[in-house]
Amino acid sequence: MPRLLEREIAQTKPLSLVDQAAANLHRSSAVLLQEVASYLAENDISPKQYNILRILRGASKIGLCCGDIASRLVTPDPDTTRLLDRLVRRKWVRRDHSAHDRRVVRVRISASGLKLLARLEKEVQAIQNRQFQHLKSSEIETLIALLESLREVKITHGP
């Protein structure tokens, strides 16, 4: 009997175990993110923009440089500057030039960005709690450990 993934993508040829694992990982990520993305879209913000607001809130009042924000994104984006431009236009973040070196630009979350984040986070958390509710805490811990293990290999051994 075909596995769930094979039925979902109408796969007729058997996949190798590694192909199944990789495809399941990508498929699951996409399915889980879609529900969050739909909610955020209703509020006219993308998941990456939401992620930036969370990053900047964690940076406190000192803010971060664009490169630091880009390196902390859950899903990297080569055009973080464009994402920040949109957030600046919406007045959810602000850019400040250093008084000592005008080349240094710090990005900080604004009061309206903090307010938006506080409003959105409750529902995002509720969605994620619902998505993982059928898993035991120990299973979630195992999932986290396995996913981190995959990334550690990439970091240790390179591309």
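Throughout what follows, the structure given in this document is the object of discussion. A quick note: this is a predicted structure, and the numbers were derived from the prediction, not measured.

### Things to note about the side chain of Ser-110
Here comes step 1: With respect to the helices and strands, the residue Ser-110 is situated in the loop between β2 (105-109) and α6 (111-132).
Here comes step 2: Overall, the relative accessible area of 12% leaves Ser-110 in the buried class.
Here comes step 3: Within the local environment of Ser-110, its side chain forms a polar contact with the side chain of Ser-112, the two groups lying 3.1 Å apart.
Here comes step 4: With sequence-adjacent residues up to four places away left out, Ser-110 is seen in contact with Lys-91, Trp-92, Val-93 and Arg-94.

### Examining α6
Here comes step 1: If you check α6, its first and last C-alpha atoms are 31 Å apart, about what 22 residues at 1.5 Å a residue would give, namely 32 Å.
Here comes step 2: At Leu-120, α6 shows its largest kink, close to 30°.
Here comes step 3: Within α6 the residues assigned to the buried category are Gly-113, Leu-116, Leu-117, Leu-120, Val-124, Ile-127 and Gln-131.
Here comes step 4: Residues of α6 that are buried in the fold lie against α2 (17-42), α3 (47-58) and β2.

### A short note on the nonpolar core
Here comes step 1: In this structure, Leu-40, Ile-45, Ile-52, Leu-53 and Leu-56 are the most contacted members of the largest nonpolar core, which totals 25 residues.
Here comes step 2: At the level of elements, α2, α3, α5 (80-89), β2 and α6 are the ones that each hand at least two residues to this core.
Here comes step 3: With near-sequence residues (within four places) excluded, Ile-52 lies in contact with Ile-69, Leu-73, Thr-80, Leu-83, Leu-84 and Leu-87.

### Structural notes on unusual backbone geometry
Here comes step 1: Phi at Asp-44 takes a positive value of approximately 60°, unusual for a residue other than glycine.
Here comes step 2: Secondary-structure assignment places Asp-44 in the loop between α2 and α3.
Here comes step 3: In the Ramachandran plot, Lys-91 falls in the positive-phi region, its phi being about 65° despite a non-glycine side chain.
Here comes step 4: Tracing the chain through its elements places Lys-91 in the loop between α5 and β1 (93-97).
Here comes step 5: Using a relative accessible area of 60% as the deciding quantity, one classes Lys-91 as exposed.

### Regarding the pattern of salt bridges
Two side chains of opposite charge can pair, provided their charged atoms sit close to one another.
Here comes step 1: Within the structure shown, the criterion is met by 10 salt bridges.
Here comes step 2: Note that Arg-108 and Asp-96 form a salt bridge whose closest N and O atoms lie 2.9 Å from each other. Of the two residues, Arg-108 is situated in strand β2 and Asp-96 in strand β1; the sequence distance between them amounts to 12 residues.
Here comes step 3: In the salt-bridge network here, residues are joined through shared partners; they are Lys-48, Asp-77, Asp-79 and Arg-82.

The rules behind each value
The numbers attached to residues start from 1 for each chain and follow its sequence in the written order. Per-residue local features are limited, in this predicted model, to residues with pLDDT of at least 70; the limit for side-chain atom pairs, both in listing and counting, is 80 or more; totals at the level of whole chains, interfaces and linings are taken over all residues. The side-chain figures draw on all heavy atoms in the structure; neither hydrogens nor water molecules are used. To qualify as a helix, a DSSP run of H or I must reach at least 4 residues; to qualify as a strand, a run of E must reach at least 2; elements of each kind are numbered from the N terminus. Only protein chains enter the accessibility calculation, which uses a 1.4 Å probe; a residue is then buried when its area is under 20% of its type maximum, exposed when over 50%, and partly exposed in between. Polar contacts, as counted here, are pairs of nitrogen or oxygen atoms within 3.5 Å of one another; within protein the pair requires one atom able to donate a hydrogen and one able to accept it, and residues that are adjacent in sequence qualify only if both atoms are side-chain atoms. The contact criterion used is simple: two residues touch if any of their non-hydrogen atoms lie within 4.5 Å. For a helix, the expected span equals 1.5 Å multiplied by the residue count minus one. Bend is the name given here to the angle between axes fitted to two runs of seven residues, the run ending at a residue and the run starting at it. The definition of a nonpolar core used throughout is a set of buried Ala, Val, Leu, Ile, Met, Phe, Trp, Tyr and Cys residues joined through side-chain atoms within 4.5 Å. By convention in these notes, a salt bridge is any Lys or Arg side-chain nitrogen within 4 Å of a carboxyl oxygen on Asp or Glu.

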